[in-house]
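Reading the structure
Here is how the chains run, residue by residue.
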Amino acid sequence: MGTTKRRSPLTDWTVLIPVVALVALVFSWGRELPGFAVVLVALCLAGAVLAAVHHAEVVAHRVGEPFGSLILAVAVTVIEVALIVTLMADGGDKSASLARDTVFAAVMITCNGIVGVSLLVGALRNRIAVFNPEGSGAALATVATLATLSLVLPTFTTSKPGPEFSTGQLTFAAVASLALYGLFIAVQTVRHRNYFLPVDTGRDADPQDDHAEPPTSRAALLSLGLLLVALVAVVGDAKAVSPTIEAAVAKAGLPQAVVGVIIALLVLLPETLAAVRAARRDRVQTSLNLAYGSAIASIGLTIPAIALASIWLSGPLTLGLGPVHMVLLALTVVVSTLTLAPGRATLLQGGVHIVVLAAYLFLAVSP
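Being a predicted model, the structure only gives us computed values, none of them experimental.

When you go through the chain residue by residue, the secondary structure sums to 13 helices and two strands. Against the compact-globule benchmark of 21 Å for 367 residues, the chain has a radius of gyration of 20 Å, which places it among compact chains. Expressed as lengths along the three principal axes of its C-alpha atoms, the size of the chain is roughly 70 × 45 × 35 Å. Evaluated residue by residue, the chain yields a buried proportion of 53% over its 367 residues. Sequence separation of at least 24 residues holds for 87% of the intrachain contacts in the chain that already meet a minimum separation of 6. Summing over all exposed atoms, the chain offers an accessible surface of approximately 16,100 Å²; the carbon and sulfur share of this is 68%. Averaged over its 21 positive side-chain charges, the chain has a centre that lies 4 Å from the centre of its 20 negative ones.

Next comes the structure, spelled out in structure tokens:
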């Protein structure tokens, strides 16, 4: 028989690191950093990512699924949106496509990278990764619709030259994105919450996790606060090192879109690690909740925020994808549909998603 174990939800490093990373953000904000300072800020960023994952798991253990993954996805996305708007305000015309590049990178990383790695980990552990096709399929449909309305249609509309929306079209896309996001949250957390709960496979997922007592309300609230601090530090430190990233990208002769890819990779690290850890515990549904929830939040919150910010942002706003990216998006939707329909996946499906992500990353560097 298993014995009940009480694990301390908070450890010294998970409290200290977010604070240190936030202090690093304060001292580095708006300054040109020398090489050693960039390294220190990058180390703080990495520590803040690990701390964010820990605190997200503490909160998730207290509130349960799917609320735990929802909190992490929304928190990361809100701060990501703030980062995008800040960079666009500072970057002028050269940042016209930053929102598109970052959002599309987030969609590809979540729907192929996080999903693929989670399926690989789950299948390696139990031969078959099991999840709810109803909930995951609904999430994928929402992602596909949001991505098409916000990133594909601007390439084909004619009211404004170039891959841009007119003011009225951008307003419609923003309202539709918010409406779909709100509807998805209502379905996920209230009306059909059971579609997004981990599948009971009858296997022992993680005895230590199963028998650990939930943290107290006070510990969960403290972790929630530290989670927000850690995420602010993650995104803020990412912005602090972004000039170095942009300079390195330009020096290497790489496309400007690579900057959006790197930013998305950095800010999605907490969700990626949390999803992998959930998959190791035979909770692949939680991993998929994190992946698709992040993609939905990334589009559903970024487009309205950008639409609002466009009131005072003077430069152009390029949202439409090019032909190569539209092909990759279509491939992602088709492959994801075939992966999710049975509710079961093997190593092959995980490998297919990883290859699609690899193709996207390669073509971002060598278009």
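There is more to say, and it comes next.
Further remarks concern the confidence of the model for the chain. Here the chain averages 83 in pLDDT, and 91% of its residues register 70 or above. Mean pLDDT values for the elements of the chain range from 48 in helix α7 (residues 207-211) up to 96 in helix α12 (residues 323-340). Below a pLDDT of 50 lies the segment residues 1-9, which in the model reaches 16 contacts outside its immediate sequence neighbourhood of four places, other chains included.

So, about the nonpolar core. In this structure, L72, M88, Y292 and Y360 are the most contacted members of the largest nonpolar core, which totals 98 residues. For this core, the element with the most residues is helix α11 (residues 284-309), which contributes 14 residues. With residues up to four places along the chain from it excluded, the contact list for Y360 reads D101, F104, A105, M108, V261, H325 and L328.

A few words now on the pattern of salt bridges. Across all of its chains, the model carries two salt bridges by this definition. A salt bridge links D101 to R100; the shortest N-O distance between them is 3.1 Å. Its relative accessible area of 16% is what places R100 among the buried residues. The partner of K160 in a salt bridge is E164, and the shortest N-O contact between them spans 3.5 Å. Given a relative accessible area of 36%, K160 falls into the partly exposed group. Looking at E164, the relative accessible area reads 14%, which means it is buried.

A word on empty space enclosed by the protein. If a probe the size of a water molecule is rolled over the atoms, the empty space left behind becomes visible. Tallied over the full model, the rule gives two cavities of 30 Å³ or more. Estimated volume of the largest cavity: approximately 40 Å³. Sorting the residues of the lining of the largest cavity by element identifies α5 (133-152), α6 (167-191) and α11 as the ones contributing at least two each. The dominant element in the lining of the largest cavity, judged by the number of residues it contributes, is α11, at five residues.

In this section: the environment of V117. Structurally, V117 is set in helix α4 (residues 98-126). The sequence separation of V117 and G35 amounts to 82 residues, and the corresponding C-alpha distance is 33 Å. Those residues within four positions of V117 in sequence are excluded, and the remaining contacts are N112, V276 and I354.

Here we take up unusual backbone geometry. Most peptide bonds are trans, and most residues other than glycine sit at a negative phi. Although it is not a glycine, R127 sits at a positive phi angle of roughly 70 degrees. Tracing the chain through its elements places R127 in the loop between α4 and β1 (129-130). For R127, a relative accessible area of 72% translates into the label exposed.

Moving on: the packing of aromatic side chains. One pass over the structure, following the stated rule, counts two aromatic pairs. Ring plane angle 80 degrees and centroid distance 5.5 Å describe the contact between F104 and Y360, whose orientation is recorded as edge-to-face. Taken as a pair, F104 in helix α4 and Y360 in helix α13 (residues 347-365) lie far apart in primary sequence, 256 residues in all. Y360 shares its class with F104; the two are buried. Seen in terms of ring centroids, F184 and F196 are 5.7 Å apart; in terms of plane orientation they differ by 90 degrees. Their pairing is edge-to-face. Taken together, the residues span a long stretch of sequence, with F184 in helix α6 and F196 in the loop between α6 and α7 at a distance of twelve residues. We classify F196 as buried; its relative accessible area is 1%.

Moving on, we come to the environment of V234. Along the chain, V234 falls in helix α8 (residues 217-251). For V234, a relative accessible area of 1% translates into the label buried. Sequence separation of V234 and A46 is 188 residues, and the distance between their C-alpha atoms is 7.8 Å.

A few words on α8. The first and last C-alpha atoms of α8 sit 50 Å apart over 35 residues, in line with the 51 Å expected at 1.5 Å per residue. Maximum bend of α8: about 45 degrees, positioned at V241, with proline P243 one to four residues after it. In the segment just after α8, G253 is the residue with positive phi, at about 75 degrees.

How each quantity is defined
- Residues numbered from 1 in each chain as written.
- Predicted model: local features only at pLDDT ≥ 70, side-chain atom pairs only at ≥ 80, totals over all residues.
- Heavy atoms only, no water.
- Helix = DSSP H or I, 4+ residues; strand = E, 2+ residues; numbered from the N terminus.
- Rg over C-alpha atoms; globule rule 2.2 N^0.38 Å.
- Buried < 20%, exposed > 50% of the residue type's maximum accessible area, 1.4 Å probe, protein only.
- Contact = heavy atoms within 4.5 Å.
- Areas by Shrake-Rupley, 256 points an atom, 1.4 Å probe, with all protein chains shown as cover.
- Lys, Arg positive; Asp, Glu negative; His and termini not counted.
- Charge placed at Lys NZ, Arg CZ, Asp CG, Glu CD.
- pLDDT = per-residue confidence, 0-100.
- Core = buried A, V, L, I, M, F, W, Y, C linked by side-chain atoms within 4.5 Å.
- Salt bridge = Lys/Arg side-chain N within 4 Å of Asp/Glu carboxyl O.
- 1 Å grid on protein atoms, 1.4 Å probe; cavity = no way out; pocket = protein on both sides within 12 Å on 5 of 7 lines; lining within 4 Å.
- Points joined across faces, edges and corners; volume = space filled by probe spheres on them.
- Phe/Tyr/Trp six-rings, centres within 6.5 Å; stacked < 30°, edge-to-face > 60°.
- Expected span 1.5 Å × (residues − 1).
- Bend = angle between axes of the 7 residues up to and from the residue.

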